[in-house]
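The lines below spell out each chain.
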Amino acid sequence: MIRIIMMGVLASGILYADVVAQSAMKFEEIAEKAGVQFVHSTRKFGDRHKAEVLQMFTDGGAAVAVGDYNADGFDDLFVVDSDEGKPHHLMRNNGDLTFTDVGQELGVSSGNDPLAICADALWFDYNNDGHLDLLIGRFGTPILYRNNGPDKEGAYTFSDVSKKSGLTQFGNTIAVIAFDADRDGWLDLMLGNYFKPENLLDLKTPHVLPNNLDYATNGGGVTFWRNVAMENGRRGFKDITDEAGFIHHTGWTLDLGHGDLNNDGWQDVYIAGDYGTDRMFFNKGDGKATFDEVTETAIGFDTRKGMNVDMGDYNRDGWLDIYVTNITDEYMKECNMLWHNNGDGTFIDLSRETGTCDTDWGWAAKFADFDNDGWEDLFAVNGLRSAEKPNYIPVLLEMIITPNVDFSDVNSYPDIGNMTWSGYQKQRMFHNLADGTFKEVGAEALVDTDLDGRGVGIADFDNDGLLDIYQTNANQQTLLFRGTPINSGNWVGLKLIGKVSNRDAVGARVTINTGSDPLIREVNCGNGYAGQSSMRLHFGLGNDKTIESVEIRWPNGKTETLPHSQLGALVNKMSVIIEGKGVIR
Amino acid sequence: MPTHLTRIIIVGVDSFMKRLILMCLLLVGFDVAYADRAKSSFEAANKARDTGDLLQALDHYEAALNSEPNNLKYGNDYRQAVVQINQVESYERCIAFFEKLTTQHTKIPNVWMNFGYAYVDKIPVEGAITQVLLANTALGYFSKALELEDSWLGHYTRGNSYLYWPAIFGRTPLAIEDLEKAIALSEKEKKSRSFHVRPYVGLGEAHWRLDDVTKAREIWKSAAKRFPDNEDLKKRLSMDDEALTAFLTTHFEPGKRVNTDLNILWEEEQQ
């Protein structure tokens, strides 16, 4: 089976080899120059019992969300911090690759309360008013800031509408995505929770850690929130986790991804779980936001430490594939998973065959065509804890092999002190070679830092047609890599605006034909660990300058084909398309 | 000594001896009976295995081992049938069976040895952390077998098990210790067997694990004098450092199935 698939992609790859060979990825790190270099701080647990262990298990939180909150055509950044009292940063893009921190001014920089830890963020227009709202996922209750839009002077303001919107449930949320599960035109919310709902900052029981390190079932699972009209006439959310079919998932969710995995026009879900099985759910398509779990038949049950979910069509066969990072290190060789979509509801892991198996201790990873050669590459960050030379692993081993040890008990774990654990690992950039394989080019691309990576936000921050990368790191400074590829190809940038569908067209699929294999992209809202990338779609075209057709399948299921007269103007520019109206600029 | 007393003693001894002889005969008889029963169960197991009825084969292997628990080959072939089935339930059944056998026969080394191997066999179907737990438990049972009987197989098996632990866990020196003991024991044996090369191969690999490739090569070269036709030695000696590291890194990948089939021990005997 694997051989047949690989032969297929190899054969098609021969056509593209020249295009791919001409280009080379390269980046320049400019975070300090751009004014977006921040040092993230994980939450400290002070003099609490087993403080070090709790800190070790809540080591995420260095997250980034990309979104154009002020609709000026330039994607902005929201950078999350996690330690008590530490502010987040809303970085307004000045349009010249510099940014200004307006977080405090706009009142969205808080949330790291004494009893809550901020861990993720998401821009999404929950009320379809054309202004991106901001959700902050916390180990606590979430915070929803409504973007009120510009006032008379053009100044933006935000209001905390968490309570009014019904988002008052406590959870240890580490991942957030939004999509329109029932196609009613409003974005629904899924929260991925790591621990079960116990407040780690006010611990009532020491039994809060995974009850098994390969098959844990005592995690926080997910909660699913339907976007509904509230009594006050505004939009809000109703917990429909049970009705939607997610209630039985009690794993240690680390990341969530949405996309149309079976090409039926409805958004499906992949849940990456630490300490055990990832889960896949297909949307039933009944318009009620209900899902069938298809894990067993689609991917089987794994025992790995799923960290990241991203979706992209790496081999241009018209089906979304999935990339999941796991742990691969000297002491543990799980390998990542590149779930090749077989197109029949099943997936096969081709990470070894494609050369994307090993990213050490993986965290965020994103598909994107960084050199515009027409093929989606993969950028993956990694590394848990880079500290002093003594290694925590042998110490941890002694605990693991202790007879009858209770893994769920915080008291079982030895303190880590200043020891290193899977630290100083080089980030990976996988260049898609257009033949079903990737080549690791992190060093040549100048992105192979050895920081403890966590989140990734990808966008074309300066609208130059080249994708840039914002990388967050735990307890270390963030990085901004400006894309400067050599011999990059032509490109198309699209911003979709829904009218009947949700405003940002989350879930829309665009298919571009240039005469060769079609290019597909879907608008996603939050895919990838600790990171939200731009909701604009970016297509590399390679040497192609002519587009034969552009088809948009809007989130409501309706398909729109752009008139041929509009196609020529799309190449090498960012265009805006309104549902039912075609290209408007 | 009064005659009657002497007579009583003689009669008593006579009676005691008779009873002793009778008991010995009975025991031999029992042993023969058990051995016969074990053999017939083993044959039935092999027959079931050869016809593809592996679950039936497991029943018969277990019966054979219940009759003759110290039979390493019966245990080996039982485990290999379990590996052939390759289902979690079968591995668990095998482990449970040997666990029971060890409680019934605490002093029989081969029962512990097979118990340890049963844990090793299950490793590939488990998650990364469970694999560590299984490997560690296996080590404990291999040690138990060695406590009961100091043997080439015992040291080789335990040494080889230590060898699979990444160097970061600090168990490679223990592998070296065991593999050196296995080599020393093999050198004492009158007849050199082809499988005696294995601890040499492993010993070199242990030094490779400790980043001493020079020492590894020295060991393999020296072993090649004793085992000139051995392909494992030839392969390792033919590679440059980079190729060797790539090969051994793959070879020792955690979770990969380790061949625990001991039939080589008996095959050479039959030749």
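What you see is a predicted model; the values in this text were computed from it and never measured.

Rules and cut-offs
- Residues numbered from 1 in each chain as written.
- Chains lettered and ligands numbered in written order.
- Predicted model: local features only at pLDDT ≥ 70, side-chain atom pairs only at ≥ 80, totals over all residues.
- Heavy atoms only, no water.
- Helix = DSSP H or I, 4+ residues; strand = E, 2+ residues; numbered from the N terminus.
- Rg over C-alpha atoms; globule rule 2.2 N^0.38 Å.
- Areas by Shrake-Rupley, 256 points an atom, 1.4 Å probe, with all protein chains shown as cover.
- Lys, Arg positive; Asp, Glu negative; His and termini not counted.
- Charge placed at Lys NZ, Arg CZ, Asp CG, Glu CD.
- Core = buried A, V, L, I, M, F, W, Y, C linked by side-chain atoms within 4.5 Å.
- Buried < 20%, exposed > 50% of the residue type's maximum accessible area, 1.4 Å probe, protein only.
- Domains from an automatic or database assignment.
- Contact = heavy atoms within 4.5 Å.
- Phe/Tyr/Trp six-rings, centres within 6.5 Å; stacked < 30°, edge-to-face > 60°.
- Lys NZ or Arg CZ within 6 Å of the ring centre and 35° of its normal.
- Buried area = accessible area lost by both parts, 1.4 Å probe.
- Salt bridge = Lys/Arg side-chain N within 4 Å of Asp/Glu carboxyl O.
- Polar contact = N/O pair within 3.5 Å; in protein donor to acceptor, adjacent residues only side chain to side chain.
- Expected span 1.5 Å × (residues − 1).
- Pairing = 2+ DSSP bridges.
- Axes fitted to C-alpha atoms, helices over the stretch in contact; angles between N-to-C directions.
- Parallel < 35°, antiparallel > 145°, perpendicular 65-115°, else oblique.
- Left-handed = near helix turned anticlockwise from the far one by under 90°.
- Nonpolar A, V, L, I, M, F, W, Y, C, P; charged D, E, K, R; others polar.
- 1 Å grid on protein atoms, 1.4 Å probe; cavity = no way out; pocket = protein on both sides within 12 Å on 5 of 7 lines; lining within 4 Å.
- Points joined across faces, edges and corners; volume = space filled by probe spheres on them.

K.L.:
What exactly am I supposed to notice about the overall build of chain A here?
P.N.:
Across its full length, chain A holds 9 helices and 41 strands. In summary, chain A has a C-alpha radius of gyration of 22 Å against a globular reference of 25 Å for 585 residues, a match within 12%. Its C-alpha atoms give chain A principal-axis dimensions of roughly 70 × 60 × 50 Å. For chain A, the exposed area adds up to about 19400 Å²; of that, 49% sits on carbon and sulfur atoms. The average position of the 49 basic charges and that of the 87 acidic charges among the side chains of chain A differ by 4 Å.

K.L.:
Please explain the nonpolar core as it appears in this structure.
P.N.:
Here is a general trend for soluble globular proteins: nonpolar side chains tend to be buried in one another's company. Judged by nonpolar contacts, the single largest core of 209 residues is most densely connected at Phe124(A), Tyr413(A) and Leu496(A). Both domains that furnish three or more residues to this core are identified here as domain 1 (35-130) and domain 2 (150-258) of chain B. In this structure Leu496(A) touches Arg503(A), Asp504(A), Ala505(A), Ala508(A), Val510(A), Val523(A), Leu537(A), Ile552(A), Trp554(A) and Ile577(A), once residues within four positions along its chain are discounted.

K.L.:
Help me understand the packing of aromatic side chains in this model?
P.N.:
By convention here, two paired aromatic rings are described through the distance between centres and the angle between planes. Counted under the stated rule, the structure contains 48 aromatic pairs over all chains. Consider the rings of Phe139(A) and Phe195(A), whose centres lie 5.9 Å apart with planes at 75 degrees: the pair is edge-to-face. Of this pair, Phe139(A) sits in strand E7 (residues 133-140) while Phe195(A) sits in the loop between strand E11 (188-193) and strand E12 (222-229), and the two are 56 residues apart along the sequence. The two residues Phe139(A) and Phe195(A) agree in class, both being buried. Three or more aromatic residues link up through ring pairs in this structure, and these residues are Phe42(B), Tyr61(B), Tyr74(B), Tyr78(B), Phe97(B) and Phe98(B). Against the face of Trp165(B) rests Arg171(B), its NZ or CZ located 4.1 Å from the ring centre.

K.L.:
Please clarify how the interface of chain B and chain A should be interpreted in this entry.
P.N.:
When the parts of a complex come together, some accessible area is lost, and that lost area is often taken as the interface size. Counting residues at the interface gives 17 residues for chain B and 18 residues for chain A. In total, chain B and chain A occlude about 1500 Å² of area from one another, counting both sides; carbon and sulfur atoms represent 67% of this. The largest share of the area that chain B buries against chain A comes from Ile129(B), Ile168(B) and Phe169(B), three residues that together contribute 39% of it. Applying the counting rule to chain B against chain A returns 1 salt bridge. Ionic pairing is found between Glu253(B) and Arg352(A), a salt bridge with its closest N-O pair at 3.4 Å. Applying the counting criterion to the chain B and chain A interface returns 6 residue pairs in polar contact (both at pLDDT 80 or more).

K.L.:
Sorry if this is basic, but what is going on with helix H7 (residues 152-163) of chain B here?
P.N.:
Along an α-helix, a turn takes 3.6 residues, which lines up residues three or four apart on a common side. All names here are of chain B. Between its first and last C-alpha atoms H7 spans 16 Å; for 12 residues at 1.5 Å apiece the expected length is 16 Å, and the two agree. The buried fraction of H7 amounts to 12 of the 12 residues, a majority that puts the element mostly inside the structure. Taken together, the buried positions of H7 are occupied by Trp152, Leu153, Gly154, His155, Tyr156, Thr157, Arg158, Gly159, Asn160, Ser161, Tyr162 and Leu163.

K.L.:
So what exactly am I meant to see when it comes to the pairing of strand E8 (residues 143-150) of chain A here?
P.N.:
Every regular strand shows the same layout, with side chains that alternate between the two sheet faces. Residues and elements named next belong to chain A. By the criterion of burial, E8 is predominantly enclosed, with 6 of the 8 residues buried. Direction of pairing for E7 relative to E8: antiparallel, over a ladder of 3 bridges. Among the inter-strand pairings, Ile136 is bridged to a residue of E8, identified as Ile143. Linking E7 to E8, which pair antiparallel, is a turn of 2 residues. Counting the residues that bridge the hairpin from E8 to strand E9 (residues 156-160) gives 5 residues, and of these Gly154 lies at a positive phi of roughly 85 degrees.

K.L.:
What's the story with the sheet that holds strand E30 (residues 453-459) of chain A in this structure? I'm lost.
P.N.:
Strand pairing in a sheet relies on backbone hydrogen bonds, with the paired strands running either antiparallel or parallel. Residues and elements named next belong to chain A. Reading across the sheet, the 4 strands line up as E1-E32-E31-E30 and stay open at both edges, with antiparallel pairing between neighbours. Edge positions in the open sheet fall to strand E1 (27-29) and E30, since each of these has one partner strand only. The average undirected angle you get between the axes of adjacent strands in this sheet is 20 degrees. Of the strand pairs in this sheet, strand E31 (residues 468-473) and strand E32 (residues 476-483) are connected by 4 bridges, and their pairing is antiparallel. Pairing of Ile469 across the sheet is with Phe481, part of E32.

K.L.:
Help me understand the side chain of Asp369(A), please; the structure alone is not making it clear to me.
P.N.:
Residues and elements named next belong to chain A. Mapped onto the fold, Asp369 is located in the loop between strand E24 (362-368) and strand E25 (377-382). Look at Asp369: it is buried, it has no salt bridge, and the nearest opposite charge is Arg521 at 4.6 Å. Here Gly374 takes part through its backbone nitrogen, which lies 2.7 Å from a polar atom of the side chain of Asp369. Among the polar contacts made by the side chain of Asp369, one reaches the main-chain amide nitrogen of Trp375 at a distance of 3.3 Å.

K.L.:
Just checking my understanding: could you explain the pattern of salt bridges for this structure?
P.N.:
Side chains bearing opposite charge may pair, as long as their charged atoms lie close to each other. Counted according to the given criterion, the structure contains 37 salt bridges over all chains. In this structure, Asp59(B) and Arg93(B) form a salt bridge, with 2.5 Å as the shortest nitrogen-oxygen distance. One end of the pair, Asp59(B), is in helix H2 (residues 54-67); the other, Arg93(B), is in helix H4 (residues 88-104), with 34 residues separating them in the sequence. Close ionic contact of Glu177(B) with Lys181(B) constitutes a salt bridge, the shortest N to O distance being 3.9 Å. Taken together, the residues Glu177(B) and Lys181(B), both in helix H8 (residues 172-188) and 4 residues apart, mark about one turn of the helix. The exposure class assigned to Lys181(B) is partly exposed, which follows from its relative accessible area of 38%. It is possible to trace a salt-bridge network through shared partners that takes in Asp260(A), Arg509(A), Glu522(A) and Arg553(A).

K.L.:
How should the packing of H8(B) against helix H9 (residues 198-209) of chain B be read in this particular structure?
P.N.:
Packed helices, taken two at a time, are described by the angle between their axes plus the distance between the axes. Residues and elements named next belong to chain B. Interhelical geometry of H8 versus H9 gives an angle of 155 degrees and a closest axis separation of 9 Å. Between H8 and H9, the angle is such that the two are roughly antiparallel. Pair H8 / H9 crosses with left-handed handedness. Mapping the contact onto sequence places Thr172, Ile176, Leu179, Glu180, Ala182, Ile183 and Glu187 in H8 and Pro199, Tyr200, Gly202, Leu203, Ala206, His207 and Arg209 in H9. Grouping the constituent residues of the contact of H8 with H9 by class yields 8 nonpolar, 3 polar and 3 charged.

K.L.:
Help me out: how do you make sense of empty space enclosed by the protein in this one?
P.N.:
In this approach the atoms are scanned with a rolling probe the size of a water molecule, which exposes any empty space left behind. Residue and element names in this part refer to chain A. Taken as a whole, this structure holds 7 cavities of 30 Å³ or more when the rule is applied. Contributing to the lining of the largest cavity are 32 residues, with Tyr275, Ile327, Trp361, Leu396 and Trp421 lying nearest its centre. Residue contributions to the lining of the largest cavity peak at 5 residues, all from helix H7 (residues 392-400). By volume, the second largest cavity amounts to about 410 Å³. For the second largest cavity, the lining is made up of 30 residues, of which Phe367, Arg521, Asn524, Ser534 and Arg536 are closest to its centre.

K.L.:
Would you mind showing me how to read the side chain of Asn93(A) here?
P.N.:
Residues and elements named next belong to chain A. Residue position: Asn93 is located in strand E4 (residues 89-93). The class of Asn93 is buried, set by a relative accessible area of 2%. For Asn93, the side chain forms a polar contact with the main-chain oxygen of Asp75, separated by 2.8 Å. The residues contacting Asn93, other than those within four sequence positions of it, are Asp72, Phe74, Asp75, Asp76, Thr98, Phe99 and Phe461.

K.L.:
Hey, could you run me through the domain arrangement of chain B in this one?
P.N.:
Residue and element names in this part refer to chain B. Under the domain assignment, chain B is made up of domain 1 (35-130) and domain 2 (150-258). Each of domain 1 and domain 2 has a C-alpha centre, and these two points are 27 Å apart. Contact with domain 1, which involves 10 residues of that partner, is made by 7 residues of domain 2. Overall, the association of domain 1 and domain 2 removes approximately 660 Å² of surface from exposure, summing both partners, and the carbon and sulfur fraction of that is 63%. Area buried by domain 1 at its contact with domain 2 is led by Met113, Tyr117 and Pro124, which between them contribute 56% of it. The tally of links between domain 1 and domain 2 comes to 0 salt bridges. Summed over the shared surface of domain 1 and domain 2, the number is 4 residue pairs in polar contact (both at pLDDT 80 or more). Mapped onto the side of domain 1 that touches domain 2, the elements with two or more residues apiece are helix H3 (72-85) and helix H5 (109-122). Among the residues forming the side of domain 1 that touches domain 2, the class breakdown is 8 nonpolar, 1 polar and 1 charged.

K.L.:
Explain the packing of helix H10 (residues 213-226) of chain B against helix H12 (residues 241-251) of chain B to me, please; I cannot follow it from the model alone.
P.N.:
Residue and element names in this part refer to chain B. Where H10 contacts H12, the two axes come as close as 12 Å, and the packing angle between them is 85 degrees. Between H10 and H12, the interaxial angle falls into the category roughly perpendicular. Between H10 and H12, the residues in contact are Val213, Arg217 and Trp220 and Asp241, Leu244 and Leu248, respectively. In the contact of H10 with H12, the residues fall into 4 nonpolar, no polar and 2 charged.

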